[in-house]
Amino acid sequence: MDEYLFSEHLARLRALPEPTSYLEILNFSDHRYSSAKTRSLSRDDFQDFLDRKGPFLPKTGDGSSSFFNGIRLVVQPEVREPETFLSDVVSLEVSQYESLIRKMRLPFQGLEASTAVGPFFWWSLDMESANPKLQFIFRKSDSQQKGTTRGWEMMLTYCFESKITSGYVKGTKSAGIKRLLQQLTACSRPVAHPLLLPILLIHDLSAKNDEEHRGVRENIRRLEGALSQRYQIHAAIGYGPEREIDLDSLNQQLTECQCRVLQKKPQAWRNALDRVEKATNAFWGAIQDYAEDNPDQRLQSIHRGLLSRLDFLAGKLDSLESYAHVSLERLKSQREVMLSILDQRESRLSLRIAAQQHRLADASKRDSTSMKTLTFLGSLFLPGTFISSVFSMSFFDFSKDLKSSVSSNLWLYFVLMAPLTIFFVGIWWRFDQARCKQVDEEGEDGEELNMQALENHIIRELQKRTGAQLTWKANRPWYDEKKITHNYT
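A quick note: this is a predicted structure, and the numbers were derived from the prediction, not measured. (Residues numbered from 1 in each chain as written. Predicted model: local features only at pLDDT ≥ 70, side-chain atom pairs only at ≥ 80, totals over all residues. Heavy atoms only, no water.)

Some points on unusual backbone geometry
At Arg 105, a residue that is not glycine, the phi angle is positive and equals roughly 60°. Along the polypeptide, Arg 105 turns up in the loop between helix 3 (94–103) and strand 6 (120–126). Backbone geometry at Lys 163 places phi at a positive 60°, although glycine is not the residue there. Judged by relative accessible area, Lys 163 falls into the partly exposed class, the value being 38%. (Helix = DSSP H or I, 4+ residues; strand = E, 2+ residues; numbered from the N terminus. Buried < 20%, exposed > 50% of the residue type's maximum accessible area, 1.4 Å probe, protein only.)

Below is the structure:
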């Protein structure tokens, strides 16, 4: 089944070739024949290296020296393609990749493991076949960020018959594969252990994790000085004198610290370390059963050293897990303090808005009183003014007797007054209806506009991108708040 699934995945692969080199460490009982070679591997030499032909033909010695063990790796230490760790991409030609897997007897599950997330370690021990072998897959890759990617992967197979660990290793420059191979070369003489490379990698990453968490803790202390100290000096109930805090920057730092702690979670590496330890013990049990004599003392010595190293790393990761938990709790506490400061400022803004509304209500009340006074005075004097205007016209002459004081042409006044009055009242009514309709439309849009401007102003000035800003502005148009919110500032 594994071979069938491998062939199926192989048909969907894309090739993004990267520069390739090799590492070959061969240990003999006579150190004069031992060797450690590394150099670039051309396309023409690739098959020769897999078949151990031409310049890669194994040494035979003079008969007095016997082969002890070795490591043969195809290496891509600085891959640059952003898609190199995608599940349908290989960094070799597809035919080369297939030949690599089959001739070095690497695990067929390597392509399926490319979809794994986080630190992933898998091992398999096959002692039933004609050529017993122990296989490993160890990888970790991150998603693409800003057009680049980070990660590494290794596939290793130890053949008990040939005593050679064969494999494929690749990683980005940030993974430090070159330095890791230098350590492997130094530690594999005079004896090579198949679990040496994974343990060296975990050891290197453990030191990086320690430094990363120390850096996060230093940032947390600075955040505590900026947030908690201020909060204690100015209690929420008294507000205290105005003092600006860059909440935008502090919130970004809180988020960044929390992401870094979660990204370097020790528990994930602790799980991988447990599986490495199981594989190490399985290897030693298998080699004791397979070997005719007792294993070499040098191999026993390095095996005990690796087990001790694994126990040491487990202790460090357990301690780091507690350290990370405390960091997360302290970050949670500081975020609560920041939210308390935001609540304090929002309460203060609410009081300012309430005071502004109170002043607007007082002004409206004064305007209403003035208008009522003017209306009352107009109602009081308008009838008399109207009567005076009418009787002052030339249609009336009160210097004569009352019977002849009214002109017979008085009807002209009413004939002209009534149409003109109706005409001007109609024009006024028409313009008033149009104005009311425009006011209603502007009132709906203006209310929504002012509410959005007020929300944007509150979020921009007080909450400083705490998350609500993105939510409130996600589906709303942008307005010129300088023209709208000047009454709120």
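The structure having been displayed, the exposition proceeds.
Focus: the sheet that holds strand 9 (residues 164–171)
Strand order across the open sheet formed by seven strands is 3-2-4-9-8-7-6, with mixed pairing between neighbours. Bordering the open sheet on either side are strand 3 (35–40) and strand 6, each of which pairs with just one other strand. Strand-to-strand twist in this sheet, taken as the mean axis angle between neighbours without regard to direction, amounts to 10°. In terms of strand pairing, strand 8 (residues 151–159) meets strand 9 through eight bridges, oriented antiparallel. Paired with Met 154 across the strands is Val 169, a residue of strand 9. (Pairing = 2+ DSSP bridges. Axes fitted to C-alpha atoms, helices over the stretch in contact; angles between N-to-C directions.)

Some points on the pattern of salt bridges
Taken as a whole and assessed by the stated rule, the structure comprises 13 salt bridges. Close ionic contact of Glu 24 with Arg 72 constitutes a salt bridge, the shortest N to O distance being 2.9 Å. Linking Glu 24 in strand 2 (residues 21–28) with Arg 72 in strand 4 (residues 67–76), this pair joins segments that are 48 residues apart in sequence. In this structure Arg 72 comes out as buried when scored by relative accessible area, which is 3%. Two residues, Arg 139 and Glu 153, come together in a salt bridge whose shortest N-O distance is 3.3 Å. In this pair, Arg 139 sits in strand 7 (residues 133–141) while Glu 153 sits in strand 8, placing the two residues 14 residues apart along the sequence. As far as the burial class goes, Arg 139 and Glu 153 line up, both buried. (Salt bridge = Lys/Arg side-chain N within 4 Å of Asp/Glu carboxyl O.)

Brief notes about the pairing of strand 2
Within strand 2, eight of the eight residues are buried, which leaves the element mostly enclosed by the surrounding structure. Going residue by residue along strand 2, you find Ser 21, Leu 23, Ile 25 and Asn 27 tucked away on one face and Tyr 22, Glu 24, Leu 26 and Phe 28 tucked away on the opposite face as well. For strand 2 and strand 3, the ladder comprises six bridges, and the chain directions are antiparallel. Residue Glu 24 lies in a different strand from strand 3, and its bridge partner there is Lys 37. Hairpin connection of strand 2 to strand 3: six residues between the antiparallel strands. In the sheet, strand 2 pairs with strand 4 via eight bridges, with the strands oriented antiparallel. What sits directly across from Glu 24, in strand 4, is Arg 72.

Geometry only, nothing functional implied.
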